[in-house]
Amino acid sequence: MSETVNDLLMDLLSRDTHRVWSAACAVNVLRDPPALTTLAEHLPEIERATEDLGGGLFPNNERLRQAIYTLRAQRDGLCRCWLYPEFLTYAPLKEQEAGDVTVLSSDPPDWHMDYHCRCAHCGTEYKVEQREGHLTWWKWLKLGDGAS
Ligand SMILES: [Zn+2]
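Residues numbered from 1 in each chain as written. Predicted model: local features only at pLDDT ≥ 70, side-chain atom pairs only at ≥ 80, totals over all residues.

Engineer: Which residues make up the nonpolar core, and what values go with them?
Structural biologist: Ranked by size, the top nonpolar core spans 13 residues in total, and within it L8, L12, V20, A23, A24 and V27 carry the most contacts. It is helix α2 (residues 17-28) that provides the largest number of residues to this core, a total of 5 residues. Leave out the neighbours within four places in its chain, and L12 touches V20, A23, I46, A49 and T50. Core analysis: the second largest hydrophobic core is formed by 10 residues, Y115, Y126, V128 and W138 among them. (Core = buried A, V, L, I, M, F, W, Y, C linked by C-beta atoms within 7 Å. Buried ≥ 20, exposed ≤ 12 C-beta atoms within 10 Å, placed from the backbone. Helix = DSSP H or I, 4+ residues; strand = E, 2+ residues; numbered from the N terminus. Contact = placed C-beta atoms within 7 Å.)

This is the structure in structure tokens:
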């Protein structure tokens, strides 16, 4: 196990909210399948160690939930895009930069913006609504077969 993965695992299991949340943030941006696979092998321990961490701020809990979903997707062999509709934090342009998504079209320019995206791995298409409140967020809606 590499140093980094081991550190992340130790942090996730630490029951120290600050360490857990910073490790969760690291997992959420980790694009390293072998590292994710290693961490996913420890999912039962991670879930046990973090389930009673409640009481945190909502964004922190969301980051932890996202990290656990990310590891579940890895464990179950699900496409990364399975995560998109579950969270409001996936920016289409960033996913495109990372090579995970192709933005087919976007609908500017307004206070909000819609994107039409296709997953670069499985071809599933999504409509993405970008909205701005306190933070910018993105709602991913899976498009049915044959939708344009
Ligand atoms: Zn996909």
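Structure's up, so let's keep going.
Engineer: Got a sec to walk through the domain arrangement of the chain? Specific residues and values, please.
Structural biologist: Frequently, the measure chosen for interface size is the accessible area that the parts lose on association. Its domain assignment divides the chain into domain 1 (3-78) and domain 2 (81-142). Opposite the 6 residues of domain 1 that make contact, domain 2 presents 6 residues. (Domains from an automatic or database assignment.)

Engineer: Any details on the packing of helix α1 (residues 3-12) against helix α3 (residues 33-40)? Residues and values, ideally.
Structural biologist: The contact between α1 and α3 brings their axes to 10 Å, and the two run at 35°. The two elements α1 and α3 meet at a crossing, and its hand is right-handed. Of the residues in α3, those touching α1 at V5, L8 and L9 are A35, T38 and L39. Of the residues belonging to the contact of α1 with α3, the class tally is 5 nonpolar, 1 polar and no charged. (Axes fitted to C-alpha atoms, helices over the stretch in contact; angles between N-to-C directions. Left-handed = near helix turned anticlockwise from the far one by under 90°. Nonpolar A, V, L, I, M, F, W, Y, C, P; charged D, E, K, R; others polar.)

Engineer: Lay out the confidence of the model for the chain with the relevant residues and their values.
Structural biologist: Averaged over the chain, the pLDDT score is 90; the fraction of residues at 70 or greater is 91%. Here helix α5 (residues 58-75) stands out as the element of the chain with the lowest mean pLDDT, 90, in contrast to α3, whose mean of 96 is the highest. (pLDDT = per-residue confidence, 0-100.)

Engineer: Describe the packing of α1 against α2, with residues and values.
Structural biologist: Look at α1 against α2: their axes get within 8 Å of each other, and the N-to-C directions meet at 135°. By the criterion of interaxial angle, the relationship of α1 to α2 is oblique. Handedness of the crossing formed by α1 with α2: left-handed. The residues of α2 that touch α1, namely those facing L8, D11 and L12, are R19, V20, S22, A23, A26 and V27. (Parallel < 35°, antiparallel > 145°, perpendicular 65-115°, else oblique.)

Engineer: Give a detailed account of unusual backbone geometry, specifying residues and quantitative values.
Structural biologist: A positive phi angle, near 60°, is found at R15, a position not held by glycine. Residue placement: R15 occurs in the loop between α1 and α2.

Engineer: Account for the sheet that holds strand β3 (residues 125-132), with residues named and values stated.
Structural biologist: The strands making up a sheet associate through hydrogen bonds between their backbones, and the pairing can be parallel or antiparallel. Spatially, the 4 strands line up as an open sheet ordered β1-β2-β3-β4, and their pairing is antiparallel. Of all the strands in the sheet, the pair left with one neighbour each is β1 (101-107) and β4 (136-142). Sheet twist, expressed as the average angle between the axes of neighbouring strands with direction ignored, equals 25°. For strand β2 (residues 113-119) and β3, the ladder comprises 6 bridges, and the chain directions are antiparallel. Looking across to β3, one finds that H116 is bridged to K127. (Pairing = 2+ DSSP bridges.)

Engineer: Describe the pairing of β3, listing the residues and the values that go with them.
Structural biologist: What sits between β2 and β3 in their antiparallel hairpin is a turn of 5 residues, with G123 showing a positive phi close to 85°. Of the strand pairs in this sheet, β3 and β4 are connected by 7 bridges, and their pairing is antiparallel. Among the inter-strand pairings, V128 is bridged to a residue of β4, identified as W140. From the end of β3 to the start of β4, which pair antiparallel, there are 3 residues.

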